[in-house]
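A closer look at the structure
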Amino acid sequence: MFIQKQKQDFWRDITSLGGAWIYFTIILLLFAVGQTKISAEILTGFFIMYFTAVIIRLFYFKNRPKKETYNSTLEKIDASAFPSVHSARAVFLALTFSKLFNSMQASTLLFAIAGIVCYSRIAIKKHYWTDVIGGIVLGILTFFAVNKLF
């Protein structure tokens, strides 16, 4: 029982690395240290990913592994599993910082973290593999879109 609880806590903590609070903290920190261009790129990526996910979820609803109840359209969008926005954010950040740092060691670490975040979504039963793969694709496409814009 204790080990199971620790395992659940571990995956919950890992999955937060793909969460909006971490994402906005990174944006604010970059802005605070004068990295306005990269913070603007990451903020733009956030809006592109979120807008795309909302549109997809409005037209294609897919239950999560642990089905969530909903009473409104906003709750229904949040209860939908496809695509995994946590996975999209993790992959987008890994690609963005890999480009910024231009280092094989940094890129390896960043993609390992993104991979662990993606797996955590399955481990905590928020998504299926197809949802995570959809999120990865969304993160990659958003990275290329943001690079075209900037």
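First, a word on what this report is: a plain description of the structure on this page. Chains are numbered independently. Their residues run from 1 in the order of the written sequence. Local features in this predicted model are restricted to residues whose pLDDT is 70 or higher, and side-chain atom pairs enter the listing and the counts only when it is 80 or higher, whereas totals over whole chains, interfaces and linings include all residues. Water and hydrogen atoms play no part in the side-chain values, which are based on all heavy atoms of the structure.

**Here's the deal with the overall build of the chain**
Regarding its fold elements, the chain presents seven helices and zero strands. Starting at the N terminus, helices and strands are each numbered in turn, a helix being any DSSP run of H or I of at least four residues and a strand any DSSP run of E of at least two. Of the regular secondary structure in the chain, the N- to C-terminal order runs α-α-α-α-α-α-α. For 150 residues, the compact-globule formula gives about 15 Å, and the C-alpha radius of gyration of the chain, at 16 Å, lands near that figure. When a residue's accessible area, from a 1.4 Å probe over protein chains only, is under 20% of the maximum for its type it is buried; when over 50% it is exposed; and in between it is partly exposed. Expressed as a percentage of the 150 residues in the chain, the buried residues total 40%. Contact between two residues is taken to exist if any of their heavy atoms lie within 4.5 Å; hydrogens are not considered. Partitioning the contacts of the chain with sequence separation of at least 6, the portion at a separation of at least 24 is 68%. The Shrake-Rupley method, run with a 1.4 Å probe sphere, supplies the accessible areas, and residue values consider only the shown protein chains as cover. Of the roughly 9,100 Å² that the chain leaves accessible, carbon and sulfur atoms contribute 70%. As used throughout, the charge tally considers Lys and Arg to be positive and Asp and Glu to be negative, leaving His and the chain termini uncounted. A single reference atom marks each charge: NZ on Lys, CZ on Arg, CG on Asp, CD on Glu. The positive charge centre, built from 16 side chains, and the negative charge centre, built from 7, are 4 Å apart in the chain. Radius of gyration: C-alpha atoms only; globule rule: 2.2 Å multiplied by the number of residues to the exponent 0.38.

**Details of the nonpolar core**
To define a nonpolar core, start from buried Ala, Val, Leu, Ile, Met, Phe, Trp, Tyr and Cys residues and group those joined through side-chain atoms within 4.5 Å. Ranked by internal contacts, the top residues of the largest apolar core, which has 28 residues, are Tyr 23, Ile 42, Met 49, Phe 92 and Phe 97. When residues of this core are traced back to their parent elements, those giving at least two are helix 1 (2–15), helix 2 (20–32), helix 3 (36–59), helix 5 (85–101), helix 6 (104–123) and helix 7 (129–149). Here the element with the most residues in this core is helix 5; it accounts for nine residues. In contact with Ile 42, not counting residues within four places along its chain, are Tyr 23, Ile 26, Ile 27, Leu 30, Phe 92, Leu 93, Thr 96 and Phe 97.

**Considering the pattern of salt bridges**
Here a salt bridge means any side-chain nitrogen of Lys or Arg lying within 4 Å of a carboxyl oxygen belonging to Asp or Glu. With the rule as written, the count across this model stands at seven salt bridges. Its salt-bridge partner being Glu 68, residue Arg 64 comes within 3.4 Å of it at the nearest N-O pair. A residue is classified by how much of its surface remains accessible, and Arg 64, at 6% relative accessible area, is buried. Through salt bridges that share partners, Lys 5, Asp 9, Arg 12 and Asp 13 make up one connected network.

**Things to note about helix 3**
Helix span is expected to be 1.5 Å times the residue number reduced by one. If you check helix 3, its first and last C-alpha atoms are 35 Å apart, about what 24 residues at 1.5 Å a residue would give, namely 34 Å. Looking at helix 3, one finds that the buried residues are Ile 38, Ser 39, Glu 41, Ile 42, Gly 45, Phe 46, Met 49, Ala 53, Val 54 and Arg 57. Looking at the buried side of helix 3, the elements it contacts are helix 2, helix 4 (73–79), helix 5 and helix 7.

**Let's talk about the side chain of Arg 121**
Among the structural elements, Arg 121 can be located in helix 6. One buried charged residue, Arg 121, forms no salt bridge at all, with the nearest opposite charge on Glu 68 at 7.2 Å. A distance of 2.9 Å separates the side chain of Arg 121 from the side chain of Thr 15, its partner in a polar contact. The residues touching Arg 121, leaving out its near neighbours within four places in the chain, are Thr 15, Arg 64, Ser 84, His 86, Ser 87, Lys 126, His 127 and Val 132. For the purposes of these results, a polar contact is taken to be a pair of N or O atoms within 3.5 Å, where, inside protein, one atom must be able to donate a hydrogen and its partner to accept one; residues adjacent in sequence count only when each atom of the pair is a side-chain atom.

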